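What follows is each chain in one-letter form.
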Amino acid sequence: RAGVLPALNAVIAAHATADLPETASMVEVASSGLSFFQGCGDEIGAAAALHLLAATEFAASHVQGEDPRTAQETAKAAQANFRDMGAVDSEIGVLQTMLFRSL
């Protein structure tokens, strides 16, 4: 988990900083990360990847000028997963993402 999440973030950032941000590729990379952690049975990694997916969806919806409803639902799922695991700091991180993206 320690190396995978930063690597996913780096690839997403590369797509985001292209001359024309490649939002579909950004979301695809984040989704692949979620699938990876789910396949490994890593619940904490999957929740963290779900948070990354939500943040990526928020960014993509902003770039495209679209409604962030999908991102909000993804973030709520990540928050619930962290809450169920008792990972309060991570749950707060998701809430901060939701708040920041709604400004």
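Further up the page is the structure itself.
Positions within a chain are numbered from 1, following the residues in the order the chain's sequence is written. For a predicted model such as this one, the threshold for reporting local features is a pLDDT of at least 70, and the threshold for listing and counting side-chain atom pairs is 80 or more; totals across whole chains, interfaces and linings nevertheless cover every residue. The basis for every side-chain value is the complete set of non-hydrogen atoms in the structure, without hydrogens or water.

**Considering helix α3 (residues 43-64)**
Then, in step 1: Here α3 is 22 residues long and its end C-alpha atoms lie 31 Å apart, about the 32 Å a rise of 1.5 Å per residue gives.
Then, in step 2: Accessible area is worked out with a 1.4 Å probe on protein chains only. A residue is then buried under 20% of its type maximum, exposed over 50%, and partly exposed in between. Under the scheme used here, helices are H or I runs from DSSP no shorter than 4 residues and strands are E runs no shorter than 2 residues, and both carry numbers assigned from the N terminus. By the criterion of burial, α3 is predominantly enclosed, with 16 of the 22 residues buried.
Then, in step 3: By the criterion applied in these results, polar contacts are pairs of N or O atoms within 3.5 Å in which, for protein atoms, one can donate a hydrogen and the other can accept it, and in which residues neighboring in sequence qualify only through two side-chain atoms. Its side-chain oxygen placed 3.3 Å from the backbone nitrogen of Ile-44, Asp-42 serves as the N-cap of α3.
Then, in step 4: Positive backbone phi, approximately 65°, marks Gly-65, located one or two places after α3. A helix is expected to reach a length of 1.5 Å times the quantity of its residues less one.

**Focus: the environment of Asp-19**
Then, in step 1: Looking at the secondary structure, you find Asp-19 in the loop between α1 (4-16) and α2 (23-40).
Then, in step 2: Taking relative accessible area as the criterion, Asp-19 reaches 82% and is therefore assigned exposed.
Then, in step 3: In this structure, the C-alpha to C-alpha distance between Asp-19 and Phe-82, residues 63 residues apart in sequence, is 35 Å.

**Considerations on the side chain of His-51**
Then, in step 1: Along the polypeptide, His-51 turns up in helix α3.
Then, in step 2: By relative accessible area, which is 19% here, His-51 ends up buried.
Then, in step 3: At 2.7 Å, the side chain of His-51 forms a polar contact with the side chain of Thr-97.
Then, in step 4: By definition, residues are in contact when any of their heavy atoms lie within 4.5 Å. Those residues in contact with His-51 that lie beyond four places of it in its chain are Ala-78, Phe-82, Gly-93, Val-94 and Thr-97.

**As for the environment of Glu-66**
Then, in step 1: Examined against the element boundaries, Glu-66 turns out to sit in the loop between α3 and α4 (69-85).
Then, in step 2: On the basis of relative accessible area, Glu-66 is assigned to the partly exposed category, the value being 48%.
Then, in step 3: Sequence separation of Glu-66 and Ala-14 is 52 residues, and the distance between their C-alpha atoms is 21 Å.

**Observations regarding the packing of α3 against helix α5 (residues 88-102)**
Then, in step 1: Orientation is described by lines fitted to C-alpha atoms, with helices fitted over the stretch in contact, and by angles between N-to-C directions that extend from 0 to 180 degrees. Direction vectors running N to C along α3 and α5 enclose 5°, while the axes themselves pass 10 Å from each other. Comparing their axes, α5 and α3 come out roughly parallel. The residues of α5 that touch α3, namely those facing His-51, Ala-55, Phe-58 and Ala-59, are Gly-93, Val-94, Thr-97, Met-98 and Arg-101.
Then, in step 2: Each residue receives one of three labels: charged for Asp, Glu, Lys and Arg, nonpolar for Ala, Val, Leu, Ile, Met, Phe, Trp, Tyr, Cys and Pro, and polar for the others, Gly being one of them. Tallied by class, the residues present in the contact of α3 with α5 amount to five nonpolar, three polar and one charged. In what follows, roughly perpendicular refers to angles from 65 to 115 degrees, roughly parallel to angles under 35, roughly antiparallel to angles over 145, and oblique to any angle outside these ranges.

**A short note on the pattern of salt bridges**
Then, in step 1: Salt bridge, as used here: a side-chain nitrogen of Lys or Arg that lies within 4 Å of a carboxyl oxygen of Asp or Glu. For the structure shown, the criterion picks out three salt bridges.
Then, in step 2: The residue Arg-69 makes a salt bridge to Asp-67 at a minimum N-O spacing of 2.7 Å.
Then, in step 3: Close ionic contact of Glu-91 with Arg-83 constitutes a salt bridge, the shortest N to O distance being 3.5 Å.

**Brief notes about the nonpolar core**
Then, in step 1: In plain words, nonpolar cores are sets of buried Ala, Val, Leu, Ile, Met, Phe, Trp, Tyr and Cys residues tied together by side-chain atoms within 4.5 Å. Leu-5, Ile-12, Leu-34, Ala-75 and Val-94 are the most contacted members of the largest nonpolar core, which has 24 residues in total.
Then, in step 2: Counting residues per element, the ones that place at least two in this core are α1, α2, α3, α4 and α5.
Then, in step 3: When residues no more than four places from it in sequence are discounted, the contact partners of Leu-34 are Ala-46, Ala-49, Leu-50 and Leu-53.

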